[in-house]
Structure formats: C-alpha cells, structure tokens
Amino acid sequence: MPLTADLAHRVALVTGASRGIGRAVALMLAEAGADVAVNYRERAAEAHEVVATIRAMGRRAIAIGADVSDAAAVASMVAAVADQLAPVDILVNNAGIALIRSVDELTEADFDTTLAVNLKSVFLCTQAVLGHMRAQHWGRIVNISSGAARGAGGIGVHYNASKAGMEGLTRGYAARLVGDGITVNAVAPSLIETDMMAARRDEYVKRIPLGRMGTAEEVAQAVLMVIGNPYMIGQTVQLNGGTQFI
Ligand code: NAP
C-alpha cells in the first residue's frame, strides 16, 4: 500500500479553508490529487487565493461562502459542490471559532454560537454528504477537534464542550458508518500557528515542551494520514508538541 493516499478523482469539501489549518488541509488534499471545495464564512478573497493555488496544481477547485452552522446554507453548499465538481467523497469538518471567555464572562449567546459553529456544523455537514458516500460505499470524514476536548486549554468551557461533543459525534458516526465503507476520525491539534492563536501566541509558546507551536501543515499531514488509512475507525489523532504531558 502506498504511504500517501492517491486521491485522484476524489472530491473533497474542507470547511473553513480560507486560512489556517483548513487552508493547509485543502492544499495538501489537492497535492494528493483531489479536487477541492474551499468553504469560508467571510473572507472570500483568501478563499479565492486558495482556489487559484489549487488550480495552478492542475486540480479543480471552487470557493463557497456558507455559514456551516446554518442548515439551509450547508444544504446549498453541498449541492453546489455536486453541481460544480462532483458529490463530496471526503469531508473535513474544520471550520471553528474560539471566543476567549472566562467562566464569569461567558454568555448564553457565546455558548450557543460556539456550539452551533463548532459542533452542530459537524452534524449538518455529515448528514448532507452521507447519501453519496453510502451509495458508492466509500467516504472519509475527518473532524478537526482540539486538545481542549480533554484538557481545559485557554479558550473556555464552551469551547471544551464543543470539541468534546465533536469527538462524541466522531465515535458515534464511526461505529454506525463503518459498514457503509465510510471512516470517521478526528485530528486534535493544540497550539497551532494560525490567526486563531495570534492574540496569545507568546504566552502559549512557553507552555509547549517542544518549544514552538505546531504548523498548519503538520495538522494537514495527520489529516491525510487518516484519510489514507481505511482501518482507522473512530479515532482521535493528537498533535500537541508534548502539551498533554504537562
Ligand atoms: P482560523 O485561522 O481562525 O480559521 C478559521 C476558519 O474557519 C476560517 O476559514 C473561517 O472563515 C472559518 N469559519 C469560521 N466560522 C465559520 C462558519 N460559521 N462557517 C464557515 N466557516 C467558518 O482557525 P484555525 O486555527 O485554522 O482553526 C481551524 C480549526 O482547528 C478550528 O475548528 C479550531 O477550533 C481547530 N483548532 C485550532 C487550533 C489552533 O491552535 N489554531 C488548536 C486546536 C483546534 P473566514 O476566513 O471566512 O472567517
């Protein structure tokens, strides 16, 4: 078996792929041969730049603005991918928000928004792509969780809950879909050099035994590994520079 997946003729949808981890995942999927739908919420220019880079590799790519916490927007997005590329074979649920809130600052609106964007979106996107994956008896779903699913981290309890819930969805879907040829797994990074971590970067680096933050490309490499391994079912792959040991 080749060490890297050959994804030629596969269509991937990466949510939140205009920047950060999603962008790196989209580019690495294209390098592996996939055509890629690049979802974003607001930053259309950045998403179109990712699309241009993928097209320069000789793959097909489209940018799609959609709020992944909105069921109608998700349904339109998945239909647009099918129309303009082909039905989704590989789904990477990456879009997420990290509102930094203390226990006392956290509002009901913050909680609801975080759960909708980080957790409900995984349910909405997964349900929307299942039909095609089941019909062809092949599919790959990778959810971008976080070390905050297990530890406290620096964002807040709402973020902990959203990522722990995501790993529950991962295991639940994995067990129920393995017979359909669909694998569902999670990749859980901690402290990756992206916009999301920029505000507290220097404080965070001091906590990492490896001595630096991770890169979006290192996370993307784990996503590609998971996609390439049909025997991995319902697992969470952690990448954290050793932070689980402190
Ligand atoms: P980022 O740089 O802030 O990028 C977030 C991406 O998600 C952007 O593409 C953004 O689109 C998109 N997005 C946000 N809300 C959305 C919505 N409602 N609908 C559609 N797209 C939406 O974040 P990142 O650091 O790459 O994080 C990506 C994922 O990794 C998140 O799930 C995050 O929780 C997880 N994670 C990150 C770290 C880390 O250290 N960076 C650690 C653990 C887990 P726009 O550009 O259009 O705003």
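The structure we're discussing is the one just above.
Structural notes, computed from the coordinates. Counting of residues starts from 1 at the beginning of each chain's written sequence and follows it residue by residue. Reporting in this predicted model follows two pLDDT cut-offs: at least 70 for local features of residues, and 80 or more for side-chain atom pairs to be given and counted; totals over whole chains, interfaces and linings ignore these cut-offs and use all residues. As a rule here, side-chain values come from all non-hydrogen atoms in the structure, and water together with hydrogens is ignored.

1. Focus on the site of the ligand
Part 1 of the reasoning: In the vicinity of the ligand, 31 residues are found, and the nearest of them are Ser 18, Arg 19, Glu 42, Tyr 159 and Thr 194.
Part 2 of the reasoning: Measuring from an oxygen atom of the ligand, one finds a backbone N or O atom of Glu 42 at 2.6 Å.
Part 3 of the reasoning: Elements represented by at least two residues in the shell around the ligand include exactly α1 (20-31), β2 (35-40) and α5 (157-177).
Part 4 of the reasoning: In this classification, the charged set is Asp, Glu, Lys and Arg, the nonpolar set is Ala, Val, Leu, Ile, Met, Phe, Trp, Tyr, Cys and Pro, and all remaining amino acids, among them Gly, are polar. Considered class by class, the residues forming the shell around the ligand number 15 nonpolar, 9 polar and 7 charged. A cutoff of 4 Å decides nearness: a residue is near a molecule or strand if any of its heavy atoms lies inside that distance of it. Two N or O atoms count as a polar contact when they lie within 3.5 Å, although within protein this holds only if one can serve as hydrogen donor and the other as acceptor, and sequence-adjacent residues are included solely when both atoms are side-chain atoms. Secondary structure elements are defined from DSSP: runs of H or I of at least 4 residues count as helices, runs of E of at least 2 residues count as strands, and each element is numbered from the N terminus.

2. Overview of unusual backbone geometry
Part 1 of the reasoning: Here His 9, not a glycine, exhibits a phi torsion of approximately 75 degrees, which is positive.
Part 2 of the reasoning: Mapped onto the elements, His 9 comes out in the segment before β1 (11-14).
Part 3 of the reasoning: Looking at His 9, the relative accessible area reads 76%, which means it is exposed.
Part 4 of the reasoning: The phi dihedral of Leu 191 falls on the positive side, at around 60 degrees, and the residue is not glycine.
Part 5 of the reasoning: Its location among the elements puts Leu 191 in the loop between β6 (182-189) and α6 (201-205). For the exposure calls, accessible area comes from a 1.4 Å probe over protein chains only, and a residue counts as buried if that area is under 20% of its type's maximum, exposed if over 50%, partly exposed in between.

3. Examining the nonpolar core
Part 1 of the reasoning: In plain words, nonpolar cores are sets of buried Ala, Val, Leu, Ile, Met, Phe, Trp, Tyr and Cys residues tied together by side-chain atoms within 4.5 Å. With 40 residues, the main nonpolar core has Leu 7, Leu 29, Val 36, Val 38, Ile 54 and Val 187 as its most contacted residues.
Part 2 of the reasoning: Listed by contribution, the elements that provide at least two residues to this core are β1, α1, β2, α2 (44-56), β4 (90-93), β5 (139-144), α7 (216-227) and β7 (236-239).
Part 3 of the reasoning: Considering each element in turn, this core owes the most residues, 8 residues, to α7.
Part 4 of the reasoning: Residues count as neighbours in contact if any of their non-hydrogen atoms are within 4.5 Å of one another. Once you skip the residues sitting within four places of it in the chain, Val 187 turns out to touch Val 142, Asn 143, Ile 144, Ser 145, Val 219, Ala 222, Val 223, Val 226, Val 237 and Leu 239.

4. Let's talk about the pairing of β4
On any regular strand, side chains alternate: one points to one face of the sheet, the next to the other face.
Part 1 of the reasoning: The alternating pattern of β4 places Ile 90 and Val 92 and Leu 91 and Asn 93 on opposite faces, both of which are buried.
Part 2 of the reasoning: Two elements, β1 and β4, share 3 bridges in a ladder whose sense is parallel. The partner of Ala 12 across the bridge, within β4, is Ile 90.
Part 3 of the reasoning: In the sheet, β4 pairs with β5 via 4 bridges, with the strands oriented parallel. Of the residues in β5, the one forming a bridge with Ile 90 is Arg 140.
Part 4 of the reasoning: Seen with its strands pointing away from the viewer, a crossover is right-handed if its path from the first strand over the helix to the second goes clockwise. Handedness of the crossover joining β4 and β5 through helix α4 (residues 108-136) is recorded here as right-handed. Note: two strands are recorded as paired if DSSP finds a minimum of 2 bridges between them.

5. Quick look at the packing of α1 against α7
Part 1 of the reasoning: Running from N to C, α1 and α7 point in directions that differ by 50 degrees, and their axes come no closer than 8 Å. In terms of axis orientation, α1 runs oblique to α7. Helix-helix and strand crossings are classified by hand; for α1 and α7 the assignment is right-handed. Taken together, the residues of α7 that come into contact with α1 (itself represented by Gly 20, Ile 21, Ala 24, Val 25, Met 28 and Leu 29) are Ala 216, Glu 217, Val 219, Ala 220, Gln 221, Val 223, Leu 224 and Ile 227.
Part 2 of the reasoning: A breakdown of the residues in the contact of α1 with α7 according to their chemical character gives 11 nonpolar, 2 polar and 1 charged. For helices, the fitted axis covers only the stretch in contact; all axes are lines through C-alpha atoms, and the angles between them, taken along N-to-C directions, range from 0 to 180 degrees. Angles are sorted into four bins: roughly parallel if under 35 degrees, roughly antiparallel if over 145, roughly perpendicular if 65 to 115, and oblique for all others. When the near helix sits turned anticlockwise from the far one by under a right angle, the crossing is termed left-handed; a clockwise turn instead gives a right-handed crossing.

6. Points about the side chain of Asn 185
Part 1 of the reasoning: Here Asn 185 shows up in strand β6.
Part 2 of the reasoning: For Asn 185, a relative accessible area of 0% translates into the label buried.
Part 3 of the reasoning: Ignoring any residue separated from it by four or fewer positions in sequence, one finds Asn 185 in contact with Ile 141, Val 142, Asn 143, Thr 170, Val 226, Met 232, Ile 233, Gly 234 and Gln 235.

7. Some points on the sheet that holds β6
Part 1 of the reasoning: Spatially, the 7 strands line up as an open sheet ordered β3-β2-β1-β4-β5-β6-β7, and their pairing is parallel. Of all the strands in the sheet, just β3 (61-65) and β7 have a single pairing partner and so form its edges. Mean inter-strand twist for the sheet, computed between neighbouring axes without regard to direction, equals 15 degrees.
Part 2 of the reasoning: Where β6 and β7 come together, 4 bridges link them in parallel fashion. Following the sheet pairing, Pro 189 is matched in β7 by Leu 239.
Part 3 of the reasoning: Sitting on the sheet, α1 touches β1, β2, β4 and β6, and the angle it makes with β1 is about 175 degrees.
Part 4 of the reasoning: In the packing of α4 onto the sheet, contacts are made with β4, β5 and β6, and the angle to β4 comes to roughly 175 degrees.

These values are about where atoms sit, not about what they do.
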